[in-house]
Amino acid sequence: MVRQVICALDTGNLDEAIATVRKLSPWVNTFKIGHGLTLPNGLSCIDKLQDAGAERVFLDLKFHDIPNSVGLAVREAARHNVWMMTLHLTGGPAMLSAAVEQADAFSAEKRPLLVGVSVLTSLDQATLTEHLGVNRTIEEHMVKLSKDAIDLQLDGVVCSAFEIKPIRDAIGKHGIIVTPGIRLSGPTHDQKRVGTPHQAIADGADYLVIGRALTDADEPEAVLAEIGLE
Ligand code: C5P
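Heads up: these notes are all about the structure in this document.

Scoring rules and cut-offs
Residues numbered from 1 in each chain as written. Predicted model: local features only at pLDDT ≥ 70, side-chain atom pairs only at ≥ 80, totals over all residues. Heavy atoms only, no water. Pairing = 2+ DSSP bridges. Helix = DSSP H or I, 4+ residues; strand = E, 2+ residues; numbered from the N terminus. Axes fitted to C-alpha atoms, helices over the stretch in contact; angles between N-to-C directions. Contact = heavy atoms within 4.5 Å. Salt bridge = Lys/Arg side-chain N within 4 Å of Asp/Glu carboxyl O. Buried < 20%, exposed > 50% of the residue type's maximum accessible area, 1.4 Å probe, protein only. Phe/Tyr/Trp six-rings, centres within 6.5 Å; stacked < 30°, edge-to-face > 60°. Lys NZ or Arg CZ within 6 Å of the ring centre and 35° of its normal. Arc of directions from axis to C-beta. Parallel < 35°, antiparallel > 145°, perpendicular 65-115°, else oblique. Left-handed = near helix turned anticlockwise from the far one by under 90°. Nonpolar A, V, L, I, M, F, W, Y, C, P; charged D, E, K, R; others polar. Core = buried A, V, L, I, M, F, W, Y, C linked by side-chain atoms within 4.5 Å.

1. Some thoughts on the sheet that holds strand β2 (residues 30-33)
Reasoning step 1: An order of β1-β2-β3-β4-β5-β6-β7-β8 is seen for the eight strands of this closed barrel, with the pairing classed as parallel. Here the average twist between neighbouring strands, direction ignored, is 25°.
Reasoning step 2: Relative to strand β4 (residues 84-88), strand β3 (residues 56-63) is paired through three bridges, and the arrangement is parallel. Residue pairing for β4: L59 is matched across the bridge by M85.
Reasoning step 3: Packed onto the sheet, helix α4 (residues 67-79) meets β3, β4 and β5 (113-117) and runs at close to 165° relative to β4.

Structure representation (structure tokens):
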């Protein structure tokens, strides 16, 4: 079982998602779902994916709202046995603390992991500075938000392959780093800031999110062999 790989199920079709889980679950036990699957199918799709072999479900809905609303969202997601979920770190300390408080109300076995998103890779420096009024570089901003998140007891952060090293240096050994945009020798699709699995792990990532390279593969076992993680 390749425990460091999280397979992204980027489809709105639950039957297709279930078929992918069945196909990959001999090797991968962790699957990421987002709005595309949960809006048409509801959170009960999590049970169906678990029945199909998804031991761990990563709910990537990037919560961002007032503390009370985010607390409710975290509680509902945790009730559906979500293993890990995302929040926007720009929601601020009170929002993040409300999320942690709700997660902590669950037993150790059921407590979800909370990971924070700092700057989306779709934003560039000009947007950050001119439209969002942030006078830091993207990297400085990501490092600052990520460090604050760990200080506020979040379990980890999401970042691209480019920011793993500085964020790992800033947060130390204990926070989880989750990295999407990983590419093997195949096509880069619409991704620009891509990294290889080995470099990402060497820089300090704990989990790699891999979507199409796995879900589109005729021989997923060969793709996982190329990734070469345990
Ligand atoms: O198919 P691919 O490997 O590009 O899928 C990557 C997954 O990671 C998708 O679910 C995408 O939404 C997500 N993601 C990303 N880049 C980010 C954050 C999340 O590609 N910065």
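2. Comments concerning unusual backbone geometry
Reasoning step 1: At K62, a position not held by glycine, the phi torsion is positive, near 45°.
Reasoning step 2: Counting through the fold element by element, K62 comes out in strand β3.
Reasoning step 3: Unusually for a residue other than glycine, N81 sits at a positive phi of about 60°.

3. So, the pattern of salt bridges
Reasoning step 1: Summed over all chains, the structure comprises nine salt bridges.
Reasoning step 2: Salt-bridge contacts for D206 lead to R168; the nearest nitrogen and oxygen are separated by 2.8 Å. Pair noted here: D206 is in the loop between α9 (197-203) and β8 (207-210) and R168 is in helix α8 (residues 164-171), with a separation of 38 residues, a long-range link.
Reasoning step 3: Judged by its relative accessible area of 13%, R168 falls in the buried class.

4. Looking at the packing of aromatic side chains
Reasoning step 1: Within this structure, the stated rule accounts for one aromatic pair.
Reasoning step 2: A ring pair is formed by W83 and Y207, whose centres lie 5.3 Å apart and whose planes are at 85°; its orientation type is edge-to-face. Placement of the pair is W83 in the loop between α4 and β4 and Y207 in strand β8, with a sequence separation of 124 residues.
Reasoning step 3: Overall, the relative accessible area of 15% leaves W83 in the buried class.
Reasoning step 4: For Y207, a relative accessible area of 16% translates into the label buried.
Reasoning step 5: The ring of W83 has R56 sitting right over it, with the charged end atom 4.3 Å from the ring centre.

5. A short note on helix α3 (residues 45-52)
Reasoning step 1: Residues of α3 that are buried include every one of C45, I46, L49 and A52, and no others. Projected down its long axis, α3 shows its buried positions confined to an angular sector of 125°, all on one face.
Reasoning step 2: Looking at the buried positions of α3, the neighbouring elements they touch are α1 (14-24), β2, α2 (35-41) and β3.
Reasoning step 3: G53 sits one or two positions beyond α3 and adopts a positive phi of about 125°.

6. Some thoughts on the packing of α4 against helix α5 (residues 93-104)
Reasoning step 1: As a packed pair, α4 and α5 sit with axes 8 Å apart at the nearest point and diverge in direction by 30°. Comparing the axis directions of α4 and α5 gives the class roughly parallel. As for the relative orientation of α4 and α5, their crossing is right-handed in sense. In this structure, α4 contributes P67, V70, G71, V74 and R75 to the contact, and α5 contributes A94, M95, A98, A99, Q102 and A103.
Reasoning step 2: Looking at the contact of α4 with α5, its residues break down into eight nonpolar, two polar and one charged.

7. Here's the deal with the nonpolar core
When a protein is soluble and globular, its nonpolar side chains tend to lie buried together.
Reasoning step 1: Of all hydrophobic cores here, the largest spans 65 residues; its most connected members are I33, L49, V74, L87, L114 and L214.
Reasoning step 2: In terms of residue count, the dominant contributor to this core is helix α7 (residues 138-151) (six residues).
Reasoning step 3: For L114, the residues in contact, after removing those within four places along its chain, are V74, M85, L87, A99, V100, A103, L154, D155 and G156.
Reasoning step 4: Ranked by size, the runner-up nonpolar core spans 13 residues in total, among them A8, F58, W83 and L113.

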